[in-house]
Amino acid sequence: MATSTSTTASVAANVMSLNVHDVMSDYVSRMATCVSGMKAILLDADTAGVLSSVVPQSVLMQREVYLFDRVGNRTRDAVPHVRAVCFLRPIDANFAALKEELRDPKFGEYHIFFNNIVGGVAELAQADEYELVREVQEFYADYYAINPYLFICNVPRMLSLAEPQLPQQIGRVSEQLLSLLLSLRLHPVIKYHSASSTAATFAQELASQVLQHADFFNFGDRGTLLLVMDRKDDPVTPLILPWTYQAMVHELIGITKNRVSLAHVPGVQEEYREITLSICQDDFFRQHLFSDYAELCEAIKTLVDDYKAHMNTNQNIQSLEDIKRFIETYPEFRQLSGNVNKHLTLASELSAQISARQLFDLSELQQDIVCESDHGNVFQRVIECLRGPYKKDDLLRLVLLYALRYEEHGKLDEVLTAMKEKFKPEEIKIVPHMLKYGGNHSRGGDLFPREKTSFLQRTKAAMARPRVVQCVFTRHQPQLFYTLDAILKGRFKDTDWLIAKTHAPQRDRYANVVVFILGGATYHEAAAVHELNNTPPPPGATPIQFLLGGNCMLNSRDFVSSVSELHFS
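Residues numbered from 1 in each chain as written. Predicted model: local features only at pLDDT ≥ 70, side-chain atom pairs only at ≥ 80, totals over all residues. Heavy atoms only, no water.

1. Observations regarding the environment of Arg-134
Step number 1: Relative to the helices and strands, Arg-134 resides in strand S6 (residues 133–139).
Step number 2: It is 5.6 Å that separates the C-alpha atoms of Arg-134 and His-111, two residues lying 23 residues apart in sequence. (Helix = DSSP H or I, 4+ residues; strand = E, 2+ residues; numbered from the N terminus.)

Here's what the structure looks like:
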């Protein structure tokens with residue numbers, strides 16, 4: 001190779017925060033500016049998604065990047081005046097593609113960045129006959145940064161050891177978490193819930209990876225706890241309708257790699273048939289990521305009111321429909337508002353679905369099922385809903401919540417009988433399937449602790465929470481919230497948690513807590529982590545940063561579909 005090649009661990013400089021979005025953005029920025037002049041970025045299927053999750057192509061094009069291409073594409077024309085920046089996973093297929101590229105080079109020089117630990121590069125040196133490789137580095141970016149304190153591995157399902165693909169997935173995801181830990185300079189104590197064999201298997205594999213690469217974890221002890229949680233220990237949260245902006249969009253429409261399709265919406269403008277929701281290029285979305293529905297509508301209205309004042313018009317605006325009519329009357333507002341018209345289109349679709357599906361009524365009943373103990377009342381209302389004009393998917397989620405809450409002392413047989421009027425037998429079977437997966441005898445911990453406490457105890461617990469819940473639609477908090485809140489307040493009891501040894505020293509209180517949910521995380525849980533990261537610790541206690549991850553992001557459709565496909569012995 002033309003210059004000495006470095007495979008020394010390259011981590012983001014001076015990392016003290018758990019903000020994965022900043023870390024990944026720093027990596028991408030350093031790759032894009034490693035050389036001056038015109039350059040191309042060569043990617044694989046995985047790194048293309050990783051890159052797009054943090055920096056849009058339009059930003060990179062401003063840094064003299066003129067081409068984005070896959071590393072294996074051999075139909076390119078030769079452009080010797082252009083430098084190639086290769087951002088790749090260190091896997092055999094990519095090594096083969098690189099060797100073929102170097103033997104018949106299309107670019108003037110190559111800067112190679114692998115996104116995880118590399119075993120060796122001798123074979124690349126042999127293939128580099130023209131000595132065009134200028135550097136080889138490891139940038140630990142083998143995961144997707146969704147939000148500042150939320151990441152995923154983009155691996156589906158992972159719900160049960162019964163899934164035949166799970167061993168391979170565990171190996172892959174443990175590699176990705178190794179990358180995460182190295183990018184943040186964290187040497188963690190790894191704990192998993194004793195009731196989950198899936199979490200145990202994964203935690204042991206991850207610990208083995210950390211021990212195998214112990215030389216990379218020589219940056220000292222920052223006091224890090226990594227909790228491996230199993231989705232089955234809280235099957236309720238993916239079924240509950242969330243009311244924060246990002247979570248609502250994913251639940252009611254769907255977010256895939258920062259993109260939202262509105263092609264199904266009647267009359268939607270062509271430019272909004274597919275929209276991008278990215279915190280790195282959308283100030284409004286970044287500011288209102290965790291705003292509830294009412295706050296979102298008020299924020300859009302405020303922007304329109306500002307424009308009204310600017311235009312000196314007194315047109316009355318009270319609702320999203322009023323805002324839409326106003327924009328049609330004043331089309332120049334679209335230019336002034338920038339992103340806001342995009343969010344108005346999105347919020348209007350959310351509003352349409354809430355109205356058409358009567359989600360306010362269903363959401364209140366969902367909350368009553370999981371947060372209250374009046375079985376007689378909720379049973380009658382569930383039966384009435386099954387006879388009402390609701391979507392089958394919404395009714396199924398309602399029944400699943402009822403089954404999880406009252407599987408042992410409710411009237412589930414009567415509810416299943418009432419389902420027969422609208423549901424096929426195979427659809428009804430999803431209910432007992434969910435109980436086998438995440439029912440009382442399968443999950444660990446007490447998902448409904450308030451059932452066994454007095455009214456006074458429940459009231460005190462509610463008042464102790466950092467945020468006073470005043471809305472009937474947002475009473476439920478994920479089980480994750482209570483676990484992390486206990487850690488924050490120094491009340492975490494880890495008697496049910498086992499350690500997968502990594503030689504990291506244990507502490508009474510940790511400065512960094514990473515939670516990884518096998519089976520998928522939700523945006524509802526991401527909002528809870530955001531809330532806790534903005535909650536001050538008790539007086540005199542060390543602040544704690546929380547980071548949430550999962551193998552994938554769930555909404556209720558994905559969750560119900562995945563559970564329904566599980567095979568139980």
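Continuing now.
2. Some details on the side chain of Arg-89
Step number 1: Within the secondary structure layout, Arg-89 lies in the loop between strand S4 (79–88) and helix H4 (92–103).
Step number 2: Here Arg-89 is in contact with Asp-44, Asp-46, Thr-47, Asn-94, Phe-114, Asn-115, Asp-142, Arg-172 and Glu-175, once residues within four sequence places are set aside. (Contact = heavy atoms within 4.5 Å.)

3. A short note on the packing of helix H14 (residues 359–371) against helix H15 (residues 375–386)
Step number 1: For the pair H14 and H15, interaxial distance at closest approach is 10 Å and the crossing angle is 145 degrees. Between H14 and H15 the crossing geometry is left-handed. Packed against H14, whose contacting residues are Leu-362, Glu-364, Leu-365, Asp-368 and Ile-369, the element H15 presents Val-378, Arg-381, Val-382 and Cys-385 at the interface.
Step number 2: In the contact of H14 with H15, the residues fall into six nonpolar, no polar and three charged. (Axes fitted to C-alpha atoms, helices over the stretch in contact; angles between N-to-C directions. Left-handed = near helix turned anticlockwise from the far one by under 90°. Nonpolar A, V, L, I, M, F, W, Y, C, P; charged D, E, K, R; others polar.)

4. A closer look at the pairing of strand S2 (residues 39–43)
Regular strands have side chains that alternate between both faces of the sheet.
Step number 1: Within S2, five of the five residues are buried, which leaves it mostly tucked inside the rest of the structure.
Step number 2: On S2, burial covers both faces: Lys-39, Ile-41 and Leu-43 on one face and Ala-40 and Leu-42 on the other are all buried.
Step number 3: Across five bridges, S2 lies against strand S3 (residues 65–70) in parallel orientation. Counterpart to Ile-41 in the pairing with S3 is Phe-68.
Step number 4: Sheet analysis places S2 next to S4, joined by five bridges and oriented parallel. (Buried < 20%, exposed > 50% of the residue type's maximum accessible area, 1.4 Å probe, protein only. Pairing = 2+ DSSP bridges.)

5. Details of the sheet that holds strand S10 (residues 224–230)
Step number 1: An order of S7-S8-S15-S14-S10-S9-S13 is seen for the seven strands of this open sheet, with the pairing classed as mixed. Looking at which strands have only one partner, the edges of the open sheet turn out to be strand S7 (144–147) and strand S13 (497–500). Strand-to-strand, the axes of this sheet are offset by a mean angle of 25 degrees, without reference to chain direction.
Step number 2: Here strand S9 (residues 188–193) runs beside S13; their pairing, made up of four bridges, is antiparallel. Of the residues in S13, the one forming a bridge with Ile-190 is Ala-500.
Step number 3: Where helix H6 (residues 166–184) meets the sheet, it contacts strand S8 (150–152), S9, S10, strand S14 (512–518) and strand S15 (545–550), and its direction lies at approximately 165 degrees from that of S14.
Step number 4: On the sheet, helix H7 (residues 197–212) packs against S9, S10, S13 and S14 and is oriented at approximately 165 degrees with respect to S9.

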